[in-house]
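What the coordinates show
What follows is the residue order along each chain.
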Number of protein chains: 2
Amino acid sequence: MEQKLLDSKTIFKLRVLEELSKREVVELDELSRELGLQADELSAIIGEMKENHLIRVEDSSVVWLAGDNPSRIKPWGWSYVYKTIVGSTMHVAKGLPSWSIVVAEYQVHSYGRHGKEWISDLGGVWATFKLPLEDRIAQYLPLAIPVVLCELFRERFGVDAKIKWPNDVVVKGGKLAGIIIEGEFYKNRLHVYVGIGINVNNDPKLEKAVSLKSIVGKLTPRNRILSYLSGVMGRIEKYVENHKKLQAQYLGLLETLGRRVAVLLLRDGAVTGKVIGVTETGDLVVDTGVEKVKFSSTEVYELKYL
Amino acid sequence: MEQKLLDSKTIFKLRVLEELSKREVVELDELSRELGLQADELSAIIGEMKENHLIRVEDSSVVWLAGDNPSRIKPWGWSYVYKTIVGSTMHVAKGLPSWSIVVAEYQVHSYGRHGKEWISDLGGVWATFKLPLEDRIAQYLPLAIPVVLCELFRERFGVDAKIKWPNDVVVKGGKLAGIIIEGEFYKNRLHVYVGIGINVNNDPKLEKAVSLKSIVGKLTPRNRILSYLSGVMGRIEKYVENHKKLQAQYLGLLETLGRRVAVLLLRDGAVTGKVIGVTETGDLVVDTGVEKVKFSSTEVYELKYL
């Protein structure tokens, strides 16, 4: 197990969120006693938390705006699990029934495609949706999920979100959201895990990452995003009914289209060329000048713009 | 606030203890899902936990021996608070009613006399007892508490525990337990906080620290210690009734007696000489060769053997 270090402030911020998730309002005195922190230590922690969470201090209490407290939502038709700290929401979802959503405030071992680093710090939306889907539907998720996310950012927040193939959501080159899709056959049925990470009110540490907060200039109540996603994920089949339309939507949002790229393969080697499209199920089509080559996201480690 | 780093393993060990403290037995599958860890990650964590806690794996469950699980005791006459992680048990006790005991698995900001470093890692006994005491009783605690601890180690564990002035409990020069005593007047009444830290099953990181585990060669169920202490602390007045006897007991256990020492003072300066005794309330008496000087523990930063 990779040994990650957490600072004690993060631990106490999570403990504060845990207390607030139960009650929304907590007396500072009580909280200081609960956590075994001195008043000035607690007040420094709360002060910092305001940068990533919609909390405020009123009289001698801390208040967490209900709309930013993901423990407060009960998405209809879903089994919903809220955690403050987990290894990964993907792992929590394993073993849960289908139609489960797992949301965490902090993931210690979060990962991206091909196990790439993805930091899930305080204030973001880190969620896994577990769905029972037929194979013929599931194959279109790599197109549908980034389209859904782009629509969310464009329509609800007026943000010019685009797709970097295969499924990063970017704004002006900065990664705003990441997606990971995994499948599992159990009792002859396919269960799909859709992991979504969105830099909402957190301060992303990775280079080339950007938060919604920095784009819109203020904190966003995260439940708006979670409610939207739970609604859309519940009817994701609708999104893929018309493959041709989905493909067109995806291409319309694909900033990668027309770009000259280097395709770094998981097996050694790289191919360079111009992106001329994607297939119905999201394979990248690259014109090398000599031939047209298709790449599945499972064989590509990274796509670099040239 | 001092920024301490914790490793993610410690965090997950604490989460495991939290789950076990509620139920004593937990299915590994369930735990792995609860924490969002893969089976092999969880199994590595449980494996390490066995070094500091009396837990075992049976079939596909983790079991915590009730006697090592401090959440399981309900000391008679006390209000009892068990926490997995706190800043300090002393701070948790502030604001709680008198006759409270606070026990934590891990303290982030634990401190010793004069704010000295004291590491409270996994497997130790970290507790604060809050007592209402009259001043005339409280003044003898600096003698009574180390005597009580030495009796515990000598009688229950056959360990040759001694006192290093003012109130460290040592075995062959290694620090086995530390004590911190603080008082607070509230509504004209004195409330005393007795903080006790014992290296039981933990692996102390500080040089010159030693654990009961390393002395007796096995793990000790910590509730034996906590039950003993809650019993004794409830009738601590009995221990100080006969001041002369208490003073004699303390002197009999004081390894510092007769030693040549350097007394480092909190205000600049140091005094060297031979320890020839302590007063009834625990002040150190040193013969400098020229005169006999008394030192209160509040003015001494450190006592060094020469």
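Bear in mind the structure is a predicted one, so any value in this text is a computation, not a measurement. (Residues numbered from 1 in each chain as written. Chains lettered and ligands numbered in written order. Predicted model: local features only at pLDDT ≥ 70, side-chain atom pairs only at ≥ 80, totals over all residues. Heavy atoms only, no water.)

Some thoughts on the relation of the copies chain A and chain B
Mapping between the two chain copies consists of a rotation about an axis together with a translation along that axis. Overlaying chain A on chain B yields an RMSD of 0.0 Å, the required transformation being a rotation through 180° with an accompanying axial translation of 0.0 Å. In short, the pair behaves as if placed about a two-fold rotation axis. Identified as the residue of chain A closest to the rotation axis by C-alpha distance is A:L6, at 2.6 Å. The residues that chain A uses at the interface reappear at the interface of chain B in 100% of cases, marking a shared surface. (Least-squares fit on C-alpha atoms with pLDDT ≥ 70 in both. Contact = heavy atoms within 4.5 Å.)

Thoughts on helix α8 (residues 222-234) of chain A
Count 3.6 residues to each turn of an α-helix, and residues three or four apart come out pointing the same way. Helix length check: α8(A) (13 residues) gives 18 Å between terminal C-alpha atoms against 18 Å at 1.5 Å per residue, within 8%. Those residues of α8(A) not exposed but buried are A:R222, A:N223, A:I225, A:L226, A:Y228, A:L229, A:S230, A:V232 and A:M233. (Helix = DSSP H or I, 4+ residues; strand = E, 2+ residues; numbered from the N terminus. Expected span 1.5 Å × (residues − 1). Buried < 20%, exposed > 50% of the residue type's maximum accessible area, 1.4 Å probe, protein only.)

Description of the domain arrangement of chain A
All names here are of chain A. Domain assignment breaks chain A into domain 1 (8-64), domain 2 (70-253) and domain 3 (260-305). Averaged C-alpha coordinates put domain 1 and domain 2 at centres separated by 28 Å. Across the boundary between the two partners, domain 1 contributes 15 residues, which contact 18 residues of domain 2. Between domain 1 and domain 2, roughly 1,300 Å² of surface is buried when both sides are summed, and carbon and sulfur atoms account for 61% of that area. Of all residues in domain 1, L14, N52 and L54 give up the largest surface area on contact with domain 2, accounting jointly for 40% of the area buried on that side. Summed over the shared surface of domain 1 and domain 2, the result is 1 salt bridge. Linking E24 and R72 is a salt bridge whose minimum nitrogen-to-oxygen distance equals 3.0 Å. (Domains from an automatic or database assignment. Buried area = accessible area lost by both parts, 1.4 Å probe. Salt bridge = Lys/Arg side-chain N within 4 Å of Asp/Glu carboxyl O.)

Topic: the sheet that holds strand β12 (residues 260-265) of chain B
Residue and element names in this part refer to chain B. Strands sit in the order β15-β14-β13-β12-β16 across an open sheet of 5 strands; the sheet is antiparallel. Since the sheet does not close on itself, it has two edges, and those belong to β15 (292-295) and β16 (300-305), each with one partner. Taken over all neighbouring pairs, the strand axes of this sheet differ in orientation by 45° on average, direction set aside. Direction of pairing for β12 relative to strand β13 (residues 270-278): antiparallel, over a ladder of 5 bridges. From the neighbouring strand, L264 faces β13, where its bridge partner is A270. (Pairing = 2+ DSSP bridges. Axes fitted to C-alpha atoms, helices over the stretch in contact; angles between N-to-C directions.)

Quick word on the environment of B:L257
All names here are of chain B. Summarising the element assignment, L257 is placed in the loop between α10 (243-253) and β12. Separated by 19 residues in the primary sequence, L257 and I276 have C-alpha atoms spaced 6.1 Å apart. When sequence neighbours within four positions are dropped, the list of residues in contact with L257 reads L251, V275, I276 and G277.

Here's the deal with helix α3 (residues 39-49) of chain A
Residues and elements named next belong to chain A. Among the residues of α3, those classed as buried are E41, L42, I45, I46 and M49. Taken down its axis, α3 places every buried residue within 130° of arc, on the same side. With respect to the buried face of α3, the exposed residues turned more than 90 degrees away are A39 and D40. If you follow the buried residues of α3, they end up packed against α1 (8-23), α2 (28-35), β3 (55-58) and β4 (61-64). (Arc of directions from axis to C-beta.)

Things to note about the sheet that holds strand β12 (residues 260-265) of chain A
Residue and element names in this part refer to chain A. Pairing is antiparallel across the open sheet formed by 5 strands, whose spatial order is β15-β14-β13-β12-β16. The open sheet terminates on both sides in strands that have one partner only, identified here as β15 (292-295) and β16 (300-305). Sheet twist, expressed as the mean angle between neighbouring strand axes with direction ignored, is 45°.

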